[in-house]
Amino acid sequence: MMHSVTCIAPVNIAVIKYWGKREEDLILPLNDSVSATLSTDHLCTKTTVTTSESFVENKILLNGKEESFSNPRLLRCLEELRKRGETANRCNPEILNWKIHVNTENNFPTAAGLASSASGYACLVYAISCLYGIEKDEISSIARQGSGSACRSLYSGFVQWQKGTLPDGSDSIAVQLADHTFWPEMRILILVVNDSRKKTSSTGGMSTSVKTSKLLKYRVETCVPQHTKDLIKALYEKNFENFGKITMQDSNQFHAVCLDTYPPCVYMNDVSHAIVNMVHQFNERKGGIRVAYTFDAGPNACLYLLENDVNDVLATINHVFPNDIWSSPDYIKGISIGKIALPQVDQYFVSNGQNLLKYIIYTKVGEGPKRIE
Ligand code: DP6
């Protein structure tokens, strides 16, 4: 006897950042966060979970390489799913005791430095929930225990992770604010920065911030509640000007907290800062906010913008960050831009060095996890 399920799950990029836990084991955050789910057409994790009476041990293959199953977060997710499967009582209870084999792959290079833990845990938890007959609305607090940001990858569109107040974390869950069809013009450009530095993990970095940053306390108590309220209002009004401004301010404050951490966590590099300058210059030239940046725990930029501005922004990127492989099909991955006539960029923009970006991913807001055959 053997049961097998294959699922895909999306990556999400926060516009209001999660940074800091009030409880480390259950992964309970200090503040709410908000993200957009990215299209699985261009970035996703694909996971197959198989369970059989004949398996003698749990196994996990990550991008073709066997990893240890003794990771406490992984074990906790499985334990929670088994408990939930038992209460749900919608599968043959025997299979809850069988060992599982997991085969998980990302369709984007890990070298892109994109958080794969969010799509990874969302996919794993979703696939096992399908196997054990657990409803999707019950698994947010389980995915959260794999990696905090993973709970946001369970829904399409725009998602809020509500920090909750209960000590057991049962109300620290993700809720959908709007689905992927709500703001159809929204686009995302991920600028993958050439970088070889060793990075501090998000988990380690935020734990040091909680212990040492006084700015984090101010951010959590005063700024994030206001940012969240204003951002949700801007989203519902489809007001890109405000959406973009709050996104950039929240990213900047998160990186300010990283620098206020002792020892500091430095995630952005010179190229990241040059991207920030380019975005502000672009917006100044346009007389309003047309593109917004946000940076996670690494140097890559994620730009939010509307479809109408994509050509202009790409032309500016081509001018400010010239690249030898610009016209190669491998340089701009994702949504096909076809042969765009790059508009003339005015001389206001200064060109940086050659080949500072590795490549660009052009994508949009997308759907949540799905079971595939
Ligand atoms: C900067 O979810 O990776 O991307 O909960 O410890 O696994 P753990 O951390 P993780 O942190 C993500 C931090 C961030 C901001 C965000 O996605 O909100």
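Counting starts from 1 at the beginning of each chain's written sequence and moves along it residue by residue. With pLDDT at 70 or above as the cut-off, local features in this predicted model cover only qualifying residues; side-chain atom pairs require 80 or more to be listed or tallied, and sums for whole chains, interfaces and linings still use all residues. The side-chain quantities take in all heavy atoms of the structure and omit both hydrogens and water.

Turning our eyes to something else, we now look at the overall build of the protein. Helix and strand assignments come from DSSP, with helices taken as H or I runs of at least 4 residues and strands as E runs of at least 2, each series counted from the N terminus. Helix and strand counts for the protein come out as eight helices and 17 strands. Relative to its length of 373 residues, the protein is compact, with a C-alpha radius of gyration of 21 Å against a globular reference of 21 Å. With the C-alpha coordinates of the protein rotated into their principal frame, the extents come out at 70 × 45 × 40 Å. Burial analysis of the protein (373 residues in total) assigns 54% to the buried set. Restricting the calculation to C-alpha atoms gives the radius of gyration, and the globule rule supplies 2.2 Å times the number of residues raised to the power 0.38. Burial status follows relative accessibility: with a 1.4 Å probe on protein chains alone, a residue under 20% of its type maximum counts as buried, one over 50% as exposed, and anything between as partly exposed.

Attention now moves to the site of the ligand. Lining the immediate environment of the ligand, one finds 18 residues, of which Tyr18, Lys21, Arg73, Ser147 and Ser149 sit closest. Contacts described as polar in this section are N or O atom pairs within 3.5 Å, which, within protein, must combine one atom able to donate a hydrogen with one able to accept it, while residues neighboring in sequence count only if both atoms come from side chains. Within the side chain of Lys21, one N or O atom sits 2.7 Å away from an oxygen atom of the ligand. Protein chains bury 96% of the 460 Å² of accessible surface belonging to the ligand in isolation. The element contributing the most residues to the shell around the ligand is helix α4 (residues 202–212), with three residues. The rule for a residue being near a molecule or strand is that one of its heavy atoms must lie within 4 Å of it. What sets the accessible areas is the Shrake-Rupley method with a 1.4 Å probe; for residues, cover comes only from the shown protein chains.

The next thing to look at is the sheet that holds strand β12 (residues 186–193). In any sheet, the strands associate via hydrogen bonds between backbone groups, in a parallel or an antiparallel arrangement. Ordered in space as β13-β14-β12-β16-β15, the five strands form an open sheet in which the pairing is mixed. Looking along the sheet, the strands with just one partner apiece sit at the ends: β13 (291–295) and β15 (332–334). On average, adjacent strands in this sheet sit at an angle of 25° to one another, irrespective of strand direction. For two strands to count as paired, DSSP must find a minimum of two bridges between them. Sheet analysis places β12 next to strand β16 (residues 357–364), joined by seven bridges and oriented antiparallel. Helix axes are fitted only over the stretch in contact, all axes being lines through C-alpha atoms; the angle between N-to-C directions runs from 0 to 180 degrees.

All right, on to the side chain of Asn300 then. Residue position: Asn300 is located in the loop between β13 and β14 (301–306). The buried category is assigned to Asn300, whose relative accessible area is 11%. At a separation of 2.8 Å, a polar atom in the side chain of Asn300 contacts the main-chain amide nitrogen of Val193.

Note on ring pairs: Phe, Tyr and Trp rings are taken, using the six-membered ring of Trp, and paired if centres are within 6.5 Å. Classes follow the plane angle, with under 30 degrees stacked, over 60 edge-to-face and the rest tilted. Across all of its chains, the model carries eleven aromatic pairs by this definition. Ring centres of Tyr18 and Trp161 lie 4.6 Å apart, and the angle between their planes is 65°; on these two criteria the pair is classed as edge-to-face. Residue Tyr18 is found in the loop between β2 (12–16) and β3 (21–23), and its partner Trp161 is found in strand β10 (residues 158–161); the two are separated by 143 residues along the sequence. Ring centres 5.9 Å apart and planes at 50° place the aromatic pair Tyr293 and Phe295 in the tilted group. Judged by its relative accessible area of 1%, Tyr293 is buried. By relative accessible area, which is 0% here, Phe295 ends up buried.

Quick look at the pairing of β14 now. Two faces make up the sheet, and in a regular strand the side chains alternate between them. In terms of residue burial, β14 counts as a mostly covered element, since five of its six residues are buried. In the sheet, β12 pairs with β14 via six bridges, with the strands oriented antiparallel. Paired with Ile188 across the bridge in β14 is Tyr304. Bridge analysis of β13 against β14 gives five bridges, and the strand direction is antiparallel. Looking at β14, one finds that Val291 is bridged to Leu305. Between the antiparallel neighbours β13 and β14 lie five residues.

One open sheet accounts for six strands, arranged β8-β7-β9-β6-β1-β17; its pairing is mixed. The two strands at the open ends of the sheet, each matched to only one other strand, are β8 (65–67) and β17 (370–372). Taking each pair of neighbouring strands and ignoring which way they run, the sheet shows an average axis angle of 25°. Alignment of strand β6 (residues 44–52) against strand β9 (residues 99–106), held across eight bridges, turns out to be antiparallel. Each residue of the ladder has a partner; that of Thr45, found in β9, is Asn106. Against the sheet, helix α2 (residues 116–132) makes contact with β1 (2–10), β6, β9 and β17, and its axis sits at roughly 145° relative to β1, the strand it touches most. The contact criterion used is simple: two residues touch if any of their non-hydrogen atoms lie within 4.5 Å.

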